[in-house]
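# Fold and geometry: a report
Okay, here's what each chain looks like letter by letter:
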Amino acid sequence: MRSYLFPEFQIFRDESACNQCRGCERQCAFGTHIYDPVADRMVTNEKLCSGCQRCAIFCPKNALVVRPTPPYYRPNEAWTREKIDDLKKQAETGGVLLSGCGSDKPLRIYWDNIVLNASQVTNPSIDPLREPMELRTFLGRKPDLLEIDDCGEISTELGPNITIEAPILFSAMSYGAISYQAFNSLAMAAREFGTLFNTGEGGLPRDMRAEFGRYATVQVASGRFGIDAEYLNCARAIEIKVGQGAKPGIGGHLPAEKVSSKVAATRMIPEGTDAISPAPHHDIYSIEDLSMLIYALKEATNYELPISVKVAAVHNIAAIASGIVRAGADIVAIDGMRGGTGAAPKAIRDNVGIPIELALSAVDRRLREEGVRSRCTIIAGGGIRCSSDVIKAIALGADAVYIGTAALIAMGCTLCQKCYTGKCNWGICTQDPRLAGRLDTRIASQRLVNLLTAWSHEIKEMLGGMGINAIESLRGNRDHLRGVGLYEWELDVLGVKGAGE
Amino acid sequence: MTERRVRREIHEKEISSCSIFGAMNRDGERFTGEGVTRAIANMHVRGNGLGGGFAAYGIYPQYQEYYALHMMFTGGNRQVKREAKDEFEAFLCANFDLVYDEEIPHDDEVRVMDPPLLWRYFVAPNKKGDEARLSDDDYVVAKSMWVNTQIENACVFSSGKNMGIFKGVGFPEEISEYFMLDRLYRGHIWTAHGRFPTNSQAWWGGAHPFGLLDWTVVHNGEISSYGTNRRYLEMYGYKCTLFTDTEVITYAVDLLMRRQRLPIELVSKVLSPPVWKSIDRMDEKARKLLTALRMVYAPLLLNGPFTIIIANQREMIGLTDRIRLRPLTAATKGEMLYLSSEEASIRLISPDLDRVWTPNGGEPVVGELSERGCQ
Amino acid sequence: MEAQLIDCGTAGPALNAVKSWRVGEVEIDATGMPSKELNNLLRNCMLNGTRHFLLKNICGQRYIGTRLFGLMIPLDIEIVGTPGNDLGAFLSGHRIMVHGNVQDGVGNTMDDGEITVQGRAGDVLGMSMRGGKIFVKEDVGYRTALHMKEYMDKKPVLVIGGTSQDFLGEYMAGGIVILLGLGGKPHLANYIGTGMHGGVIYLRGDLMPSQLGQEVEISPLDEEDRAILDRYVGEFLDRFPEIGMCKEEISEGNMIKISPISKRPYGKIYAY
C-alpha cells in the first residue's frame, strides 16, 4: 500500500560546506543519509528521519539543518496535521500508534503559572554562598512523636529512612528500555552526588549490585523481572510499581528487538522474546492485596528497607494515596501525566492521567486532613524540567522529586520520541552495541552530576531569597507560592492564593 | 450530588517585628508590673503603637486552682459585644463550673483604640460523657479552640491557672496603664511585648503575648516556615485562628512540652536545630539523637529570624533562631533573670548586673523556679 | 565653680539637663530624653562651639554621634550608661568613649573617628566600616566586621579584647580585625571569614579548621603583620590600662592570620 504521508522532517544540506566526510551516514541508525559514490555527494531520505539532531550536531562543517516539516494542509484547528497524519498511519497499518517520551500536548503547565516569594524588609534573605543552606532530605516513614529516656536514648522505633543530599532522585528507567551505558551513568552519578537511581522494571544486573546496590531503588513491577532475594537486599529501597504517568492503567512492553542476551539475563526471560508487564499486578486486585505485598517485601528484607509504591496521577489520587499509606507503604511516588516512557500507545500517553501539580496538592492536603502525612514520604514526578519546578513541587507538599526525562536530556536526548525503535542515535534508548557504545559513561555521569549540582545551587538561591535555610521549612508551605493566570478552581485545588491576594 | 469544593485560605498573615522583655524572680518572690513597663517603654521606637501586651504569673493566688479565662468580646457596638458575651456564657455554663467572674479592671482615662468588652472567668472543667477521658488541660484546650472558631466576636486570650495575659492595641506602656499593671498585680514572672505590625488591622486579639493554658509566647521576627508549621499542627487539632506566627510557636510548645513531654533542651533543638555540618561532626550518640529529632519533627523547624520568650508557671525561656538573626540579651542579678531585645532596658531597671551575655543562636536561656520558689 | 545652664537653642525639658563648667565643654543628663532630642542637642551644641561632651544616664538612645557631621575638628564624647543601637553610625571623625556596654550596630558604615568601649559590644559591630578605629575591651556578638572595606590609605581597624560569636568578618572586603582572646575563654565562633574577599583577621588563640569559611585560609605572620599588630595592640593597651598586660605578653600567645584565598571567590559557579 502506498503511503500518503509526507516526511515529518526536512533536511537542508549546505552543499558548499559539505565535504562528504560521511559522518552523518555513520551517526544515523535510521539510514537517512547515504553516500552516493558515483555522484560523490550525500543523499538524504527524509522519510526515515526521526528529527533527533544527531547528524546536525556532529557535522564538523555545520552543514545540516534538520527542521520539522511545516504544516502543509489547509489550516484547520480541529483537524491538525498531527491528527490527520496519525489517522492515515492507522489506515495504512491497522495498528496502535506508539510513541516514546512524555505527552507533548498543550495542557496547562501549572509550574509556569506559579510564582515564588522573596523576602523584603520584614524578613532577611539568606545568601547561600555564605550562610548555611540545607537540602538534606529523609525518605521513609516517620513516627508521630519521639520518646526519649532519661539517658538520652531514643526508645521509639524509627522506621528505615534513607538520607539524600538534595531532594532530587533519578526516576525509574529500566535496563532494556535504556542502554547499559545510560543505566550505568545514572548509577555512577547517583553515587557521586549522594542520591538514588531507580532500576525500573528491568532488574539490576548482577555485576552492578555490589558497587551500586546501595544507591538503588529496585522496582517490583507487575512482570516481576529479575527479582530475587539478593536483588531486594542489596538495595536501599524497594518500589512497587503499580502504574506510571505516561501510561496509566496499561502495562509495559519491551519489544523483542531490545531484549538482548544481557537484558534477558537481567530480567530472567528468554533472549529475543517480548518482555511484557501486565497491566495490574495479578496479585493486587484490591487495596488489601497491596498491603499484603508490601509486608511480604518487608519480610523479605527483614524490615530494613523502606517500601515505596509508585502510582500514576489519576482522578481519585487523593483517596488512592491515603489507601496506600494505610496499607503500610513508607513512600508514595506519584507520576504525573507528562511522565516519560520508552514506548506507550500515543492515545494513552496523551489522554490518560492528570497533571502532577494538581495531584500532588490533592494528595498532600488529604493526607494532612487525615492526620497521616508523617507516615509517608511523597515523591512527585512527571515533567520536572528545572530547579524552579523542584521548588514549587516541594512547596506544594512533595518531600522530593523524580526526574527521568530531564536526566536523559542531560545525557544528550533530544526528545525525538522514537525510543521504541531501539535506534537511539545518542546511545541512550538502544541495545544496539554500536549505538550504545557512543555513550561514554564517564562523561554522561559527569553531565548528570553537573545537572544536580547546578539545580541544587539554584534551589539554594531561591530558598535563601524566601528567607529559608532548610528545605524542610518549605515542604507544603504554600504561603510562599502565588498563582498567575489560573482559574479559581485551580487555585483552590492547589491551595494557593492568586498573586496580590 | 457533588461535594462543595474546598476553598483555599485567603487570610492575611501578620508580621511581628517588635520589642520583647522578660523578668523572673527565681525564688518565686512576686513583684509588680512597673519595672517591665518601664523597660518595654524604653524600647518605644521598636513598635508603632498598634499592639502591646504583658503576661504575668502568680497573680491570682486566691483562685490558683481554677483556670482563669480572659475573654474579649469584640464587635461594632456595645450591643454586639453583649450578645457575644451572652452566647459565650451559655456555652461556659454548659461546659464548666463557674466560681467567679468580673470585668477585667481597667482605667478608662487611658487612650487605647476601640477596646473590646474584657471579662475574666475563674472556672473548673465540667466534663460529660466521652469527654471524661480527656485530661483537664486537653479539655480546656479543646473548648478554647471551639470558642475561638465557633462563637463570633468572642475570643479566649488567656486560659491558664494563676496567670493572665493583658494585651491590646496601643503602645505597651499604654496597655499597662489601661490594665493598671503597676498596682493591681504581683507576679514572679512577667513578659512584655511591643508590636510593629505591617498592616493596620486594629484587632486586640492580634497583639502578643499569645497563650494556651499557662504557656505564653512573645515573639520578635517572622516565621518563614509558618505555612509548613501550621499545616503540621492542624493535624494535631490546633486551629490557627489568630493569623500570627506566634500562634504556631505556642501550639508547637504545647505539643512538644506538654503533650509529648520533651524537655526544653530537646524542644529547642527541634525549633532551632544545629546545622547538618555541626551534627555530622558530633559523637555518635549526639548525632543519632539530633538526626532523629530533625527527621521526625522537620515540620516544626522554625525558619526565619526570631527571638521568643516562652513562659509557664515555673520557667522563663529565651530562644533565638539558629543563625541568630534577631537580638537577645540575657542578664542576671541575684535571683532575677532578665531577657530583652536591648540591654539598655535591663540597665534601666537594674543598673548593676552580675552577668550580661548574648546567647548563641538556637541555645536556650532557661530560668527555673528554685526549690524555695516552688513552695 | 557654679555650673552654668546654657541655652543650646532647643526648647523644652532638655534645657535643664544641660550644664557647662568650662567653655567648650558640656554635660548632659539624658534621663528620659528621646534619641532625636538628644541628637538635636548635640548638634546644636557642636554648632555653638562645644568640643567636649559628657553624656550621663544614657539608656538606649540611638545614633549618638551620627548627627555631628560637617565639622573638620574632632569632638570628644564621653558616655556613661548604655547607649542604644547604631552608636557612631556614619561617624565622620570624632572620638567616642563609652563607660559600659554597647548594643548592636556600633560603627555602622563609620567613615572616620574612634570609638572605645569599656565593656562588651553586641551584633554587627563595624558593619561596612570604611575608616577609623574601634576598640572593645571584652566580647562581641554576631556578624562582627561584616563587609568591612578599605580603599587606598583608608583602612579601618577593629581591636577586640575578648572573643566573637559566629560570622566574624563575613563578606569582608578590606580593613584589619584583631581578636585577642584575653580572659581565657576559647574561640567558639563558626563561619569565620565566610565570603571574605579582602582585608585580614588576626586571632590570638586556637581554632579548628571547621570554624573557618570556605573562602579563607590560615597563613604565617610576616614582618608587616607583626608591625601592624605591634601598633594596634599597643593602642588597645593604652586605652585599657586596667588589663595589666604588656605587648610582649600578648604576642607570646598563638597568633593566627586569616585572609581570603581569592578576590573572586564565586567566579566559577555561573554558567554563561
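Residues numbered from 1 in each chain as written. Chains lettered and ligands numbered in written order. Predicted model: local features only at pLDDT ≥ 70, side-chain atom pairs only at ≥ 80, totals over all residues.

Counted at 1.5 Å a residue, the expected span for helix α10 (residues 284-296) of chain B with its 13 residues is 18 Å, and the 18 Å between its end C-alpha atoms agrees. Looking at the buried positions of α10 of chain B, the neighbouring elements they touch are α8 (264-271) and α9 (276-280) of chain B. (Helix = DSSP H or I, 4+ residues; strand = E, 2+ residues; numbered from the N terminus. Expected span 1.5 Å × (residues − 1). Contact = placed C-beta atoms within 7 Å.)

This part takes up the domain arrangement of chain A. Under the domain assignment, chain A is made up of domain 1 (9-95) and domain 2 (164-415 + 475-498). One C-alpha centre belongs to domain 1 of chain A, the other to domain 2 of chain A, and the line joining them spans 35 Å. (Domains from an automatic or database assignment.)

Further remarks concern the packing of helix α9 (residues 317-326) of chain A against helix α11 (residues 356-369) of chain A. Residues and elements named next belong to chain A. Interhelical geometry of α9 versus α11 gives an angle of 50° and a closest axis separation of 8 Å. In terms of their interaxial angle, α9 and α11 are classed as oblique. α11 is crossed by α9, and the crossing has right-handed handedness. Between α9 and α11, the residues in contact are Ile-317, Ala-318, Ala-321, Ser-322 and Val-325 and Ala-359, Ala-362, Val-363, Arg-366 and Leu-367, respectively. Of the residues assigned to the contact of α9 with α11, the class counts are eight nonpolar, one polar and one charged. (Axes fitted to C-alpha atoms, helices over the stretch in contact; angles between N-to-C directions. Parallel < 35°, antiparallel > 145°, perpendicular 65-115°, else oblique. Left-handed = near helix turned anticlockwise from the far one by under 90°. Nonpolar A, V, L, I, M, F, W, Y, C, P; charged D, E, K, R; others polar.)

What follows deals with unusual backbone geometry. A cis amide bond, omega 5°, links His-208 of chain B with the succeeding residue Pro-209 of chain B. Relative to the helices and strands, Pro-209 of chain B resides in the loop between β8 (189-195) and β9 (210-212). The backbone phi angle of Leu-213 of chain B is positive, close to 50°, even though this residue is not glycine. Unusually for a residue other than glycine, Phe-90 of chain C sits at a positive phi of about 55°. Relative to the helices and strands, Phe-90 of chain C resides in the loop between β5 (76-82) and β6 (92-99).

Our focus in this paragraph is the pairing of strand β6 (residues 154-161) of chain B. Residues and elements named next belong to chain B. Most of β6 sits out of view: seven of its eight residues are buried. Both strand β3 (residues 67-73) and β6 contribute to a ladder of seven bridges, which runs antiparallel. Across the sheet, Met-72 pairs through a bridge with Cys-155, a residue of β6. (Buried ≥ 20, exposed ≤ 12 C-beta atoms within 10 Å, placed from the backbone. Pairing = 2+ DSSP bridges.)

So, about the interface of chain B and chain A. Between chain B and chain A, the contact holds 38 residues from the first and 41 residues from the second. Elements with a minimum of two residues in the side of chain B that touches chain A: α6 (226-234), α9 and α10 of chain B. For the side of chain B that touches chain A, the element with the highest residue contribution is α10 of chain B, accounting for six residues. Of the residues in the side of chain B that touches chain A, the class split is 20 nonpolar, nine polar and nine charged.

This next bit is on the domain arrangement of chain B. All names here are of chain B. What the domain assignment reports for chain B is domain 1 (10-59 + 167-375) and domain 2 (61-161). Here the C-alpha centroids of domain 1 and domain 2 sit 24 Å apart. Taken together, the contact pairs 22 residues of domain 1 with 26 residues of domain 2. Of all the elements in the fold, those that place two or more residues in the side of domain 1 that touches domain 2 are β7 (163-168), α4 (172-178) and β9. Classifying every residue of the side of domain 1 that touches domain 2 gives 10 nonpolar, six polar and six charged.

All names here are of chain B. Spatially, β4-β5-β3-β6 is the arrangement adopted by the four strands of the open sheet, whose pairing is antiparallel. Bordering the open sheet on either side are β4 (96-103) and β6, each of which pairs with just one other strand. Across the sheet, the mean angle separating the axes of adjacent strands is 25° when strand polarity is ignored. Relative to strand β5 (residues 117-125), β4 runs antiparallel, the two being bridged by seven bridges. Paired with Glu-102 across the strands is Arg-120, a residue of β5. Sheet contacts for helix α2 (residues 78-95): β3, β4, β5 and β6; angle to β5, the most-contacted strand, approximately 5°.

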